[in-house]
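The residues making up each chain are set out below.
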Number of protein chains: 2
Amino acid sequence: QIYSQVVANMAQIQAVKTTVSHVISQTLPLAGKVVTITAGPTREALDPVRYISNHSSGKMGFALAEAALSAGATVHLIAGPVQLQAPEGVTHYGVQSAEQMLEQSLALVAQTDIFIAAAAVADYRMAEVAEQKMKKAQGETDLVLRLVQNPDIVATIARHPERPFTVGFAAETQAVEAYAADKLQRKNLDMIIANDVSRTDIGFNSDQNAVTVLWRSHNGVQRHQPEQASKQALASQLINCIVEQFEANKAI
Amino acid sequence: QIYSQVVANMAQIQAVKTTVSHVISQTLPLAGKVVTITAGPTREALDPVRYISNHSSGKMGFALAEAALSAGATVHLIAGPVQLQAPEGVTHYGVQSAEQMLEQSLALVAQTDIFIAAAAVADYRMAEVAEQKMKKAQGETDLVLRLVQNPDIVATIARHPERPFTVGFAAETQAVEAYAADKLQRKNLDMIIANDVSRTDIGFNSDQNAVTVLWRSHNGVQRHQPEQASKQALASQLINCIVEQFEANKAI
């Protein structure tokens, strides 16, 4: 009799717990929303063994995925080759090239409320990928690689008929805010996060980051500069900032 | 009195141990020899954020370092960017570009008895590295990269006045043995280890490897094909093979 009493109490406690966590998750700012994030570099094959890539570690995108998850969102993380584990509860899609990343982004666009393009996508890929390993020709000392532009993933999403709230990144080494403001307008983004990758203390591969956030409003481009912080702490601030403008846009 | 007896015994045991390990280490096949190994890919900068690289994991070079250490050698490991820890007891030099790898190899050449070039060195680098991040020009959709040949590290070492016993690698996707035999002669190597990287079950990034070893003798090019094995087991076989030819060359 005591045993059945204990079981009944435990069942009650479990029911209360479930209700509480359900209520909490519904009051989280991104409850019921789908956030899709791209992260890391892409790799563009030159031939079966060589590729072009960049120094993105994926840390910022993965930190944003974690922060969006904590804010109650359903999170899709489309990542190039990185040395990171996706946070538990996040759906991870591993890709190599920009074309693969675009394809996965488009497959998710209709269900996505907020799209954050944190990946450092290669701007160019080989016009033709060599099927065999390219050989040095005897006597020839130079090699000319003909590259073509990759699709612009964030601009493609921002032009899509079912476009979500679209956030871009601008990693620059000079005139950082000017380039970012131009990119915001030209690519029809809702928000852009600009960082100066010429500084070695922050940015690519670093655990710290300092950024400027720009967005469009009735009164022109607005800006906000969070304090330099760890990528984790910064990611929470950025998600707050994104939620605020996402809500403001809906209110219009 | 018992205490001092115990201390005396322990001191004796320690002395015997030291002598035994000294004798063992002197009887190891590479005792007193210096082996320098290059490993991993190199990265050639296009601009401050982009680079050309390749799919080498560095596993084969690191396994060879471990095997050379076990064979009693003093081991220097010059490695490009990889996600591996150097074995304890090995001196590790981290480099990025082919030029940095060559510089470190030359700094060690005079003291090196056996040089094993296991790195997948980028054949080409940018003719001029852009100081700022390259921007897409409005309206331009193509990009032409002008590359120049990198120094050939293994050939430079094999031509050096103080040349060590020099072992190269040939990672090919077709006509594997023919390319390797040509490379052996043309670069003046003592030995070359050929593997077929078009097979996805072995080679780059795989934990398994299957290779063919070619070397020059009075009777022309000799060959030996160890059985497919883990990179660790194969590394021990390769070090045995290298020791055998290193000794044979000295005997001439």
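Just so you know, these numbers come straight off a predicted model, no measurement behind them. (Residues numbered from 1 in each chain as written. Chains lettered and ligands numbered in written order. Predicted model: local features only at pLDDT ≥ 70, side-chain atom pairs only at ≥ 80, totals over all residues. Heavy atoms only, no water.)

1. Here's the deal with the confidence of the model for chain A
Inference 1: Residues at a pLDDT of 70 or more form 93% of chain A, whose mean pLDDT is 89.
Inference 2: Predicted complex metrics record ipTM = 0.76 and pTM = 0.79. (pLDDT = per-residue confidence, 0-100.)

2. A look at the relation of the copies chain A and chain B
Inference 1: For the pair chain A and chain B, the relating rotation is 180 degrees, the translation along its axis is 0.1 Å, and the fit reaches an RMSD of 0.2 Å. Seen this way, the second copy is the image of the first under a two-fold rotation axis. Relative to the rotation axis, the closest C-alpha in chain A is found at A:Ile52, a distance of 2.2 Å.
Inference 2: An overlap of 100% is found between the interface residues of chain A and their copies at the interface of chain B, pointing to a shared contact surface. (Least-squares fit on C-alpha atoms with pLDDT ≥ 70 in both. Contact = heavy atoms within 4.5 Å.)

3. Focus: the packing of helix α2 (residues 59–70) of chain A against helix α6 (residues 231–251) of chain A
In a packed pair of helices, the relevant descriptors are the angle between the two axes and the axis-to-axis distance.
Residues and elements named next belong to chain A.
Inference 1: Where α2 meets α6, the closest approach of the two axes is 8 Å, and the angle between their N-to-C directions is 55 degrees. Classed by the angle they form, the pair α2 and α6 counts as oblique. Crossing handedness for the pair α2 and α6: right-handed. Contact residues: Lys59, Met60, Ala63, Leu64, Ala67 and Ala68 in α2; Lys231, Gln232, Leu234, Ala235, Ser236, Leu238 and Ile239 in α6.
Inference 2: Partitioning the contact of α2 with α6 into residue classes produces 9 nonpolar, 2 polar and 2 charged. (Axes fitted to C-alpha atoms, helices over the stretch in contact; angles between N-to-C directions. Helix = DSSP H or I, 4+ residues; strand = E, 2+ residues; numbered from the N terminus. Parallel < 35°, antiparallel > 145°, perpendicular 65-115°, else oblique. Left-handed = near helix turned anticlockwise from the far one by under 90°. Nonpolar A, V, L, I, M, F, W, Y, C, P; charged D, E, K, R; others polar.)

4. A few points about the interface of chain A and chain B
Inference 1: Taken together, the contacts link 37 residues of chain A with 38 residues of chain B.
Inference 2: A combined buried area of about 3800 Å² lies between chain A and chain B, and 49% of that area is made up of carbon and sulfur atoms.
Inference 3: For the interface between chain A and chain B, the tally reads 2 salt bridges.
Inference 4: Here chain A is connected to chain B by 11 residue pairs in polar contact (both at pLDDT 80 or more).
Inference 5: The set of elements that each furnish at least two residues to the side of chain A that touches chain B consists of β3 (50–54), β8 (142–149), β9 (165–172) and α5 (176–186) of chain A.
Inference 6: Ranked by residue count, the leading element in the side of chain A that touches chain B is β8(A), at 8 residues. (Buried area = accessible area lost by both parts, 1.4 Å probe. Salt bridge = Lys/Arg side-chain N within 4 Å of Asp/Glu carboxyl O. Polar contact = N/O pair within 3.5 Å; in protein donor to acceptor, adjacent residues only side chain to side chain.)

5. Examining the pairing of β3(A)
Inference 1: Most of β3(A) is tucked away, with 5 of its 5 residues classed as buried.
Inference 2: On β3(A), burial covers both faces: A:Arg50, A:Ile52 and A:Asn54 on one face and A:Tyr51 and A:Ser53 on the other are all buried.
Inference 3: Two strands pair when backbone bridges link them, and strand β2 (residues 44–45) of chain A and β3(A) are joined in this way by 2 bridges, in the antiparallel orientation. Within β3(A), the position partnered with A:Ala45 by the bridge is A:Tyr51.
Inference 4: Across 5 bridges, the pairing between β3(A) and strand β3 (residues 50–54) of chain B is antiparallel. Each residue of the ladder has a partner; that of A:Asn54, found in β3(B), is B:Arg50. (Buried < 20%, exposed > 50% of the residue type's maximum accessible area, 1.4 Å probe, protein only. Pairing = 2+ DSSP bridges.)

6. Describing the sheet that holds strand β1 (residues 34–39) of chain B
Residues and elements named next belong to chain B.
Inference 1: Overall, mixed pairing links the 8 strands, which are arranged β5-β4-β1-β6-β9-β10-β12-β13 in an open sheet. Lying at the two open borders of the sheet, with one neighbouring strand each, are β5 (91–94) and β13 (220–224). Along the sheet, successive strands turn relative to each other by an average axial angle of 20 degrees, direction set aside.
Inference 2: Note that strand β10 (residues 191–196) and strand β12 (residues 212–217) share 4 bridges and pair antiparallel. Its bridge partner lying in β12, Met191 is registered against Trp215.

7. Describing the sheet that holds β2(A)
Inference 1: With antiparallel pairing, 4 strands are arranged side by side in an open sheet as β2(A)-β3(A)-β3(B)-β2(B). Each edge of the open sheet is held by one strand with a lone partner, namely β2 of chain A together with β2 (44–45) of chain B.

8. Some remarks on the environment of B:Lys183
Residues and elements named next belong to chain B.
Inference 1: For Lys183, the location among the structural elements is in helix α5 (residues 176–186).
Inference 2: A relative accessible area of 15% means that Lys183 is categorised as buried.
Inference 3: In sequence terms Lys183 and Val129 are 54 residues apart; their C-alpha atoms lie 29 Å from each other.
Inference 4: Residues contacting Lys183, with those up to four places away along its chain left out, are Phe169, Ala170, Glu172, Asn188, Leu189 and Ile192.

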